Amino acid sequence: MVRTLTLTLTFAVGLVFSLFSPLAVSQIEAVQIDGNEARIDIDYAGVLDASLTIRFEQAVGLSADALGVSARLVGLSSMAKLQSRFPDPDAITMPAAFPLLISINPSAGHGLTFAGIVDIELYTTTLQYILGTPLRLFSSSNGELFRDITEEISSGSYRVRGSGGQFSEFLIASDLRPLTDVALRKFDRLEQISLTSVDVAAAQSIADLIANAKNNWMNGQLSSAISDLRELDAFVIEAAASGDVPNVWHAGGATRNVAGMLRANAKTLRYTIGMMAAGLE
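Residues numbered from 1 in each chain as written. Predicted model: local features only at pLDDT ≥ 70, side-chain atom pairs only at ≥ 80, totals over all residues. Heavy atoms only, no water.

**Re the nonpolar core**
Rules: The term nonpolar core refers to a set of buried residues drawn from Ala, Val, Leu, Ile, Met, Phe, Trp, Tyr and Cys, joined through side-chain atoms within 4.5 Å. Residue burial is assigned from relative accessible area. The probe radius is 1.4 Å, only protein chains are included, and a residue is buried under 20% of its type maximum, exposed over 50%, and partly exposed in between. Segments assigned H or I by DSSP are reported as helices when at least four residues long, segments assigned E as strands when at least two residues long, and all are numbered from the N terminus. Whether two residues touch is decided by their heavy atoms; if any such pair falls within 4.5 Å, the residues are in contact.
Counting residues in hydrophobic clusters, the biggest one holds 73 residues, and the most contacted among them are Ile 40, Ile 54, Phe 56 and Leu 67. With 10 residues, the top contributor of residues to this core is helix α6 (residues 258–277). Those residues in contact with Ile 40 that lie beyond four places of it in its chain are Ile 28, Ala 30, Val 31, Ala 50, Ser 51, Leu 52, Ile 54, Leu 67 and Val 69.

So this is what it looks like as structure tokens:
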């Protein structure tokens, strides 16, 4: 059964890119909940549009109010500050036609809980897909650096998907970094997460799988590296089921969904290595 809640959100836009009128009203037009999936339609004066789809493997307490979705246009005065949160501000920029920052910030009062990973898909007709596009989906939690979480890009007009084990801010940016640099940062991120709140035996197995993938990648064995990362995903699912790796995110909770974060980072790393294997660097 689908429940629809219509919300209107007026943005404090300030000075924005010249193609937008400062008098326009931006709307989150509808939030639709269907089982473990939520879809949010966003429109800005008929000029900038987006559809955000959030898919959970397993969620409890999912509702339009519980998600805490908001969005704003990034004006010129805020752009410099935002740029400083990119890992390489000289190579990563937001597209002028789509300066949209989306936040998902569930409040503890609504009790949203999910297990595993949450998929984030953003679709817009404002941007156009072309083969080899540098446009990527980035996310940031708690004011940290934005990270590329892209797992798939497709046409119609531009559609991008990523995932995570927690909620955060999301935006689309053009990333001109060499894929080797991107992959290395993603390996570093995987290694960092593997050191967090994991059973000792499971932590060693996870570290070994990451090391195998990294060694194969560094030696040019890209298909083997991708296979290692798929094996990592399968192992983490089993370890989470046995309680060796934390697997649940609670709104306002102190625990971290380590399993979800590991799996999500492994998936976006597979995408980057796949791009390298396809010769798109």
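The rest of the description comes next.
**Some points on the confidence of the model for the protein chain**
Stated formally: One confidence number per residue, pLDDT, is output by the predictor and ranges from 0 to 100.
For the protein chain, per-residue confidence averages 87 on the pLDDT scale, and residues scoring 70 or more make up 89% of the total. Within the model, the stretch residues 1–25 combines pLDDT values under 50 with 60 contacts to residues more than four positions away or in other chains.

**Observations regarding the packing of aromatic side chains**
Threshold: To pair, rings of Phe, Tyr and Trp, with the six-membered ring standing in for Trp, must have centres within 6.5 Å; the planes then decide the type, stacked if under 30 degrees apart, edge-to-face if over 60, and tilted in the middle.
What the rule picks out here adds up to 8 aromatic pairs. Ring geometry for Phe 167 against Trp 249: centres 5.1 Å apart, planes inclined by 90 degrees, an arrangement best described as edge-to-face. Of this pair, Phe 167 sits in the loop between β12 (158–164) and β13 (169–175) while Trp 249 sits in strand β14 (residues 248–250), placing them 82 residues apart in sequence. Side by side, Phe 167 and Trp 249 carry an identical accessibility label, which is buried. Every member of this aromatic cluster is reached through a ring pair, and the members are Phe 56, Phe 114, Phe 167 and Trp 249.

**Examining the environment of Ile 117**
With respect to the element layout, Ile 117 can be found in strand β8 (residues 113–124). Between the C-alpha atom of Ile 117 and that of Gly 165, which follows or precedes it by 48 residues, the distance is 5.0 Å. Not counting residues within four places of it along the chain, the set of residues in contact with Ile 117 comprises Arg 55, Phe 56, Glu 57, Ser 163, Gly 164, Gly 260, Arg 263, Ala 264 and Lys 267.

**Structural notes on the pattern of salt bridges**
Cut-off, in case you're wondering: A side-chain nitrogen of Lys or Arg and a carboxyl oxygen of Asp or Glu constitute a salt bridge if their distance falls within 4 Å.
Enumeration according to the criterion identifies 15 salt bridges in this entry. The salt bridge partner of Arg 39 is Asp 41, with a shortest N-O separation of 3.2 Å. Between Arg 161 and Glu 151 there is a salt bridge; the shortest N-O distance is 3.2 Å. Of this pair, Arg 161 sits in strand β12 while Glu 151 sits in strand β11 (residues 150–155), and the two are 10 residues apart along the sequence. Three or more residues joined by partner-sharing salt bridges are found here, namely Asp 119, Glu 151, Glu 152, Arg 161 and Lys 267.

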